[in-house]
Amino acid sequence: MTIQKIMVIGAGQMGSGIAQVCAMAGFEVILHDLNEEIVHKGISSIKKQLQKQVEKEKLTNSEKEEIIQRLNVSSTLDDVKKADLIIEAIIEKMEVKTSLFEKLDQLASEKTILATNTSSLPITEIAAATARPDRVIGMHFMNPVPVMKLVEIIRGLATSDEVYEQIEAVTRKLNKTPVEVQDFPGFVSNRILMPMINEAIFTVYEGVAEPEAVDEVMKLGMNHPMGPLTLADFIGLDTCLYIMETLHEGFGDDKYRPCPLLRKYVKAGWLGRKSGRGFYQYS
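Structure report, in brief. (Residues numbered from 1 in each chain as written. Predicted model: local features only at pLDDT ≥ 70, side-chain atom pairs only at ≥ 80, totals over all residues. Heavy atoms only, no water.)

**Topic: the packing of aromatic side chains**
In step 1: Evaluated as defined, the whole model comprises four aromatic pairs.
In step 2: Judged by centre distance (5.1 Å) and plane angle (65°), the rings of Y265 and W270 are edge-to-face.
In step 3: Residue W270 is classed as partly exposed on the basis of its relative accessible area, which comes to 27%.
In step 4: Taken together, the aromatic side chains of Y265, W270 and F279 make up a single cluster linked through ring pairs.
In step 5: Lying over the aromatic face of F27, K173 brings its terminal NZ or CZ to 4.6 Å of the ring centre.
In step 6: It is R277 that lies over the ring of W270; its NZ or CZ is 3.7 Å from the centre. (Phe/Tyr/Trp six-rings, centres within 6.5 Å; stacked < 30°, edge-to-face > 60°. Buried < 20%, exposed > 50% of the residue type's maximum accessible area, 1.4 Å probe, protein only. Lys NZ or Arg CZ within 6 Å of the ring centre and 35° of its normal.)

**Things to note about the pattern of salt bridges**
In step 1: One pass over the structure, following the stated rule, counts 12 salt bridges.
In step 2: A salt bridge links E216 to K219; the shortest N-O distance between them is 3.2 Å. Of this pair, E216 and K219 both sit in helix α8 (residues 211-222), three residues apart, which is roughly one turn of that helix.
In step 3: We classify E216 as partly exposed; its relative accessible area is 37%.
In step 4: Each of the salt bridges in this network shares a partner with another, and the network as a whole consists of E88, E92 and K97. (Salt bridge = Lys/Arg side-chain N within 4 Å of Asp/Glu carboxyl O. Helix = DSSP H or I, 4+ residues; strand = E, 2+ residues; numbered from the N terminus.)

**A closer look at the pairing of strand β5 (residues 113-116)**
In step 1: Residue alternation in β5 divides its side chains into two sets, I113 and A115 and L114 and T116, and both sets are buried.
In step 2: Looking at chain direction, strand β4 (residues 85-88) and β5 are connected through four bridges and run parallel. By the bridge assignment, E88 is partnered in β5 with T116.
In step 3: One ladder, built from three bridges, connects β5 with strand β6 (residues 136-141); its direction is parallel. Each residue of the ladder has a partner; that of A115, found in β6, is I137. (Pairing = 2+ DSSP bridges.)

Next comes the structure, spelled out in structure tokens:
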């Protein structure tokens with residue numbers, strides 16, 4: 001099967017970023033969200049990003065228009081019938097994802113590949129909600145999608161070699177670097193990154209240093225482009241907490257125990273950039 005049309009489900013920051021890179025790579029794209037307003041907001045965000053590329057002379061105006069022409073909006077799940085590949089980029093909750101994959105399995109063509117952009121949840125469990133676990137796979141894009149080169153490709157227990165090879169080829173066509181990863185909690189990226197962020201939070205919690213000092217040490221001493229607490233605010237502290245809980249539950253090891261200060265901030269609604277306050281304040 002040749003993949004020509006890709007449907008991205010979820011028009012938030014990740015979903016619209018995935019839709020953008022797919023359209024830029026020449027694929028016909030359907031960007032779907034149940035909330036029509038969010039879909040149009042996602043398309044508007046893509047147009048702004050493309051205009052910036054034009055201003056930097058990385059795209060011509062006609063190329064920008066061709067990319068926009070390849071983008072279609074959808075607010076009905078029936079549109080999955082038109083797609084060769086579906087990439088899900090919705091909320092990071094297992095029950096929501098498995099419910100969606102059950103519906104996708106019933107609506108989509110039997111040849112359609114179902115991919116999830118989950119950052120930490122087991123692909124095998126998501127695939128088990130369908131009657132086609134061999135055609136379910138993880139495609140974990142990094143944020144911001146148009147900039148970051150990595151895509152972790154995660155096989156579920158039943159994912160076929162043919163599906164893996166097709167997704168690897170699509171990833172390369174998107175001008176991304178595919179890395180094969182096995183189906184373990186957090187995969188590679190978040191299994192390493194999130195405990196580091198959690199330890200940085202423990203450092204603040206225990207009074208070892210202020211957030212600014214922790215970030216400076218990691219930037220200047222370890223050559224990180226962004227300090228771990230600034231990064232946590234960028235990701236969203238609620239997302240960080242959820243991934244740490246997934247790691248803790250998945251491995252049953254207390255080294256993944258979320259810091260109490262992280263829980264406290266999330267309960268207070270201090271979620272980082274998106275709420276205006278996390279470890280830092282944002283205007």
